[in-house]
Amino acid sequence: MSTPVIGVLALQGDVREHLIALAAADAVARPVRRPEELAEIDGLVIPGGESTTISKLADLFGMAEPLRERIAAGLPVYGTCAGLIMLAEKILDPRSGQETFGGIDMIVRRNAFGRQNESFEAGVTVEGIEDGPVEGVFIRAPWVESVGAEVEILAEHEGHIVAVRQGRVLATSFHPELTGDHRIHALFVDMVRAAR
Ligand SMILES: NC(=O)CC[C@H](N)C(=O)O
């Protein structure tokens, strides 16, 4: 089978780190900014950054609606941090005008672990990831406040949900793309392969 092509939503955030991690996990990775580029990818990563900005730019670039539709139609997606927020059905504390793409039946709380200076790293045991915990880098990280019946909880940190999966959509509160450990990207690449 040919190598899957995975886009990284390149409106704002740590796009480059995801491109590198995906390539290391044996995918063809490319930045995606325009609606027509969605037709050329087998899966999509929504990076970490600032979800209010990503939301605004997605509207401006005409990406919000096409993306919502592709995700609802089964496009495999992985969101980290701000990307996790963009995949929620509901944000507890949205900024005005902040909208999400949906994909996971969950309610998230932005900046739940504290502000920038309260960023931290911690080992996180993730369901389905072998060979020990991953290094969780939490930067103004959200947590998942609650999930619907279809959502699998893959990891918790201090009693808060920090990794989830619903069908072909995966999300983590933390940033594996910043660690050089590509196991979670490899899991996502496997999900994309299985969906083809
Ligand atoms: N590291 C991050 O992606 C931070 C997310 C940011 N706090 C937001 O609400 O979008």
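Here, the structure is the one placed above.
Quantities reported herein were computed from a predicted structural model and do not represent experimental measurements.

A. Spotlight on empty space enclosed by the protein. For the structure on display, the rule yields 1 cavity of 30 Å³ or more. By volume, the largest cavity is sized at about 90 Å³. Lining the largest cavity, in full, are Gly49, Glu50, Ser51, Cys81, Ala82, Ile85, Arg110, Asn111, Ile139, Arg140 and Pro142.

B. Representation of the site of the ligand. Within the structure, the ligand sits among Gly48, Gly49, Glu50, Ser51, Cys81, Ala82, Ile85, Arg110, Asn111, Ile139, Arg140 and His175. The backbone of glycine 49 places a nitrogen or oxygen atom 2.9 Å from an oxygen atom of the ligand. One nitrogen or oxygen atom from the main chain of arginine 140 is found 3.0 Å from a nitrogen atom belonging to the ligand. When atom positions are compared with the pocket grids, the ligand is found to occupy the largest cavity. In terms of residue class, the shell around the ligand is built from 4 nonpolar, 5 polar and 3 charged.

C. Region of interest: unusual backbone geometry. Positive phi, close to 70 degrees, is recorded for aspartate 26, a residue that is not glycine. Of note, aspartate 26 is situated in the loop between helix H1 (15–24) and strand S2 (28–32). Aspartate 26 sits in the exposed class, given a relative accessible area of 52%.

D. Region of the structure containing the packing of aromatic side chains. All told, the structure shown has 6 aromatic pairs when counted by the stated rule. With centroids separated by 5.0 Å and ring planes inclined at 85 degrees, the aromatic side chains of phenylalanine 113 and tryptophan 143 adopt a geometry described as edge-to-face. On the criterion of sequence distance, the pair formed by phenylalanine 113 in the loop between strand S6 (104–109) and strand S7 (120–124) and tryptophan 143 in strand S9 (residues 143–147) is long-range, its members being 30 residues apart. Exposure class is identical for phenylalanine 113 and tryptophan 143. Each is buried. Each residue in the set Phe113, Phe120, Phe138, Trp143 and Phe174 is aromatic and connected to the rest through ring pairs, giving one cluster.

E. Quick look at the pattern of salt bridges. Here the structure, examined in full by the defined rule, presents 10 salt bridges. Arginine 140 is the salt-bridge partner of glutamate 50, the closest N and O atoms lying 2.9 Å from each other. Here the residue glutamate 50 occupies a position in the loop between strand S3 (43–46) and helix H2 (51–60), and arginine 140 occupies one in the loop between strand S8 (134–138) and S9, the gap between them amounting to 90 residues. A salt bridge links arginine 183 to aspartate 181, with the shortest nitrogen-to-oxygen separation between them at 2.7 Å. Owing to a relative accessible area of 22%, arginine 183 belongs among the partly exposed residues under this scheme. Take aspartate 181: its relative accessible area is 21%, and that puts it in the partly exposed class. Among the ionic contacts, a cluster of salt bridges with common partners joins Arg34, Glu36 and Glu37.

Reading the values: rules and limits
Residues numbered from 1 in each chain as written. Predicted model: local features only at pLDDT ≥ 70, side-chain atom pairs only at ≥ 80, totals over all residues. Heavy atoms only, no water. 1 Å grid on protein atoms, 1.4 Å probe; cavity = no way out; pocket = protein on both sides within 12 Å on 5 of 7 lines; lining within 4 Å. Points joined across faces, edges and corners; volume = space filled by probe spheres on them. Near = heavy atom within 4 Å. Polar contact = N/O pair within 3.5 Å; in protein donor to acceptor, adjacent residues only side chain to side chain. Sits in = over half its atoms within 2 Å of the grid points. Nonpolar A, V, L, I, M, F, W, Y, C, P; charged D, E, K, R; others polar. Helix = DSSP H or I, 4+ residues; strand = E, 2+ residues; numbered from the N terminus. Buried < 20%, exposed > 50% of the residue type's maximum accessible area, 1.4 Å probe, protein only. Phe/Tyr/Trp six-rings, centres within 6.5 Å; stacked < 30°, edge-to-face > 60°. Salt bridge = Lys/Arg side-chain N within 4 Å of Asp/Glu carboxyl O.

Everything listed here is a matter of coordinates, which is why it stays silent on function.
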